[in-house]
Amino acid sequence: VKGTTEPPFGEFSTPFDGSTVSGSVPFTGWALDDLGVDYVAIYLKDGNDMLFIDYAVFIEGARPDVEMAFPDYPNNHKAGWGYMLLTHFLPNGGDGTYTFYAKATDVEGNVTTLGTKTITIDNANAVKPFGTIDYPTQGGVASGDSYLNAGWVLTPMPNIFLPSMHHTRS
């Protein structure tokens, strides 16, 4: 209805509710609003408290299905969002069951919970290496002849990771 405003809407897609994970865990989803989504924030439920973790990054072109399903919404081409959670920094070293919330806030300040995910994190029994890319930053652009691309990888003990330094230029 013309002259009215709506709260944001969308989805908290991954990780799957009830899954067991370790290391770095991608959180993904999408969010739209009639005027525009300002941000999506990730929270950890801790008793009665909601602890702010960080902001997700909107990724252009990540959800063409959402763009096609909602052609008249602003920024529908970058409705997809993502956040990489490093679980080791959670309470108890990232071992236990945790509940996360994804909340979208629109440009008017309306807040909607996009969903919750309760997952078990088992870093104590992890055997696979994990890591992430640090540069460019989440949602950043890397283009041209010269740009910094860096990341890191760790592996649980007693395994070792032997880095291989390769520089590839196209």
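Residues numbered from 1 in each chain as written. Predicted model: local features only at pLDDT ≥ 70, side-chain atom pairs only at ≥ 80, totals over all residues. Heavy atoms only, no water.

Observations regarding the environment of valine 25
Its location among the elements puts valine 25 in strand 3 (residues 24–32). Sequence separation between valine 25 and threonine 14 is 11 residues; the distance between their C-alpha atoms is 9.0 Å. Leaving out residues up to four positions away in the same chain, valine 25 has contacts with Pro15, Tyr83, Met84, Leu85 and Thr87. (Helix = DSSP H or I, 4+ residues; strand = E, 2+ residues; numbered from the N terminus. Contact = heavy atoms within 4.5 Å.)

Some thoughts on the side chain of aspartate 106
Within the secondary structure layout, aspartate 106 lies in strand 8 (residues 95–106). Buried and unpaired, aspartate 106 has lysine 103 as its nearest opposite-charge partner, separated by 14 Å. Only 2.9 Å separates the side chain of aspartate 106 from the backbone nitrogen of glycine 109, close enough to count as a polar contact. Here aspartate 106 is in contact with Glu6, Pro7, Pro8, Asp33, Gly36, Val37 and Asp38, once residues within four sequence places are set aside. (Buried < 20%, exposed > 50% of the residue type's maximum accessible area, 1.4 Å probe, protein only. Lys, Arg positive; Asp, Glu negative; His and termini not counted. Salt bridge = Lys/Arg side-chain N within 4 Å of Asp/Glu carboxyl O. Polar contact = N/O pair within 3.5 Å; in protein donor to acceptor, adjacent residues only side chain to side chain.)

Brief notes about the pairing of strand 9 (residues 111–122)
Pairing geometry for strand 2 (residues 20–21) and strand 9, over 2 bridges, is parallel. When the sheet's bridge partners are listed, valine 21 is paired in strand 9 with isoleucine 121. (Pairing = 2+ DSSP bridges.)

So, the nonpolar core
Membership of the largest hydrophobic core comes to 21 residues, with the highest contact counts inside it found for Phe27, Val40, Trp81, Phe100 and Leu114. When neighbours within four sequence positions are excluded, phenylalanine 27 is seen to be in contact with Phe12, Thr14, Pro15, Ile42, Trp81, Gly82, Tyr83, Leu85 and Phe100. (Core = buried A, V, L, I, M, F, W, Y, C linked by side-chain atoms within 4.5 Å.)

Some points on unusual backbone geometry
Proline 15 follows threonine 14 through a cis peptide bond whose omega is 10 degrees. Of note, proline 15 is situated in the loop between strand 1 (9–14) and strand 2. With phi around 60 degrees, asparagine 75 is a residue other than glycine that occupies positive phi space. By the secondary structure assignment, asparagine 75 is in the loop between helix 1 (64–69) and strand 7 (80–86). The phi dihedral of asparagine 92 is positive, around 65 degrees, even though this residue is not glycine. Position of asparagine 92 relative to the elements: it lies in the loop between strand 7 and strand 8. Residue classification places asparagine 92 among the exposed residues on the basis of a relative accessible area of 62%.

Remarks on the sheet that holds strand 6 (residues 57–58)
Reading across the sheet, the 4 strands line up as 1-3-7-6 and stay open at both edges, with antiparallel pairing between neighbours. Only two strands of the sheet have a single neighbouring strand rather than two, namely strand 1 and strand 6. The pairing of strand 6 with strand 7 spans 2 bridges and is classified as antiparallel. Residue pairing across strands places phenylalanine 58 opposite tryptophan 81, the latter belonging to strand 7.

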